[in-house]
Amino acid sequence: MSEIKLELEVCGGCNEKIGVKDLSSILKDLKPYKREEITVGFDGRDDACVYKINDDISLVESLDFFSTMVKDPYDFGRIASTNAISDIYAMGAEPKFALNIVCFPEGENLEILKEILRGAGDICGEAEVSITGGHSIHDRKIKFGQCVTGLVKNNEIWTNSGAEVGDYFILTKPLGVSLVMSAYSVGMTSKENYIEAIKNMTTLNKYGAEILKKYKISSVTDVTGFGLLGHLDECTEDSVEIFADQINFLPGSYEAASEFLFTAGGQRNRRALEDKVEFTFDDFALEEVLFDPQTSGGLLFAAKKDVADKILGEMKESGIPAFYVGRVIPRENKKFKVI
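Residues numbered from 1 in each chain as written. Predicted model: local features only at pLDDT ≥ 70, side-chain atom pairs only at ≥ 80, totals over all residues. Heavy atoms only, no water.

A. The packing of aromatic side chains, seen in detail. Summed over the entire model, instances satisfying the criterion amount to seven aromatic pairs. Judged by centre distance (5.8 Å) and plane angle (70°), the rings of Y168 and Y324 are edge-to-face. Of the two residues, Y168 sits in strand β7 (residues 167-171) while Y324 sits in strand β12 (residues 323-329), which places them 156 residues apart along the sequence. As far as burial versus exposure is concerned, Y168 and Y324 are alike and both buried. An aromatic cluster is present here, built from Y168, F243 and Y324 joined pairwise through their rings. Between the NZ or CZ atom of K305 and the centre of the ring of Y168, over which it lies, the distance is 5.5 Å. (Phe/Tyr/Trp six-rings, centres within 6.5 Å; stacked < 30°, edge-to-face > 60°. Helix = DSSP H or I, 4+ residues; strand = E, 2+ residues; numbered from the N terminus. Buried < 20%, exposed > 50% of the residue type's maximum accessible area, 1.4 Å probe, protein only. Lys NZ or Arg CZ within 6 Å of the ring centre and 35° of its normal.)

Here it is as structure tokens:
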């Protein structure tokens, strides 16, 4: 941990994302020039773009940045880097290099920025990603992120859509990050819960992706600002039956939701998706966890039940806290049924 005593603001992260409804209304009218080598763009709301280099390999690129959501600058750098690199893993690619994106107040202590960059550098080292430069500007609020580039074989590209009836969804990290951060900022959850949430956000999805590459899967994404339901919405045109009793929460997140310490991002997600969801029982706190924006969340993927069982077993043996989310069922009136 950093020796710097100056503390950052506990807010921000992927909770700051512009709502999916607003984004969709903007993007639907844009018709950007598209090179024929672009095989995956933003039209499918995928995690990264894919540029075909030749018949064998493609370049995968994404960027992500946000303002602070933890007190320690070093931890903030680690979280932002883990989050940015995750998009590359979610496409089945191997990250190679990154560019830093820095917004920093003029006159602020530069040791804070140094610690942010040190944290990002340590995560990139673990991921074997080279930081090759970046861009910085003065801003009233500290923000940091990265543009990350990776490579993938053309026959190994993953996308977020494609889950079919009979597929089962698994998520590799527990939910509730923003709820814990919100609760900690007002003294309503423990430091232990806060530290556990930081550990969750600084765990690379590299290890889950390495296991997934051994199996046939139909859909992969990572769960971030749109919450579990928002990202599930991208994965299939059919309906999803969600197994409420199998959802894994971060310690303190369900309790925070029970105390109505929810976030603005969570309410944006609720407004965008609540008409698509049927809750078969009354549990407001559970609803909030399902809508909760995640920062540096886990990989969400779908596979046939026999394959999913094997993957889940291998992940648990490897120490990855993966769990079943639900299964794809024929389309009903509602996109999601929480049972």
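B. Spotlight on the pattern of salt bridges. Tallied over the full model, the rule gives 15 salt bridges. Residue K305 is joined to D309 by a salt bridge in which the shortest nitrogen-to-oxygen separation is 3.0 Å. Highlighted residues: K305 and D309, both in helix α11 (residues 305-317), separated by four residues, approximately one helical turn. Salt bridges sharing partners connect three or more residues here, namely D233, K276 and K335. (Salt bridge = Lys/Arg side-chain N within 4 Å of Asp/Glu carboxyl O.)

C. Spotlight on the sheet that holds β12. Taken together, the seven strands give an open sheet; going across it, the order is β8-β11-β7-β12-β9-β13-β10, and neighbouring strands pair in mixed fashion. Each having just a single partner strand, β8 (219-222) and β10 (277-279) make up the two edges of the open sheet. Between one strand and the next, the sheet's axes are offset by a mean angle of 20°, whatever the strand orientation. Against the sheet, helix α10 (residues 284-291) contacts β10 and β13 (336-338), and its axis sits at roughly 150° relative to β10. (Pairing = 2+ DSSP bridges. Axes fitted to C-alpha atoms, helices over the stretch in contact; angles between N-to-C directions. Contact = heavy atoms within 4.5 Å.)

D. A look at a nonpolar patch on the surface. Taken together, the side chains of I26, L27, L30 and F42 define a hydrophobic patch exposed on the protein surface, amounting to about 360 Å² of accessible area. Among the structural elements, F42 can be located in the loop between β1 (38-40) and β2 (49-52). (Patch = residues over 30% accessible without salt bridge, like charges linked within 9 Å, V, L, I, M, F, W, Y side chains within 5 Å. Areas by Shrake-Rupley, 256 points an atom, 1.4 Å probe, with all protein chains shown as cover.)

E. Structural detail: the sheet that holds strand β5 (residues 130-138). An order of β1-β2-β3-β6-β4-β5 is seen for the six strands of this open sheet, with the pairing classed as mixed. Two strands close off the open sheet at either side, each with one partner strand: β1 and β5. Each adjacent strand pair in this sheet contributes to an overall mean axis angle of 25°, direction not counted. Direction of pairing for β2 relative to strand β3 (residues 57-67): antiparallel, over a ladder of four bridges. Residue pairing in the sheet places C49 in a bridge with E61 of β3.

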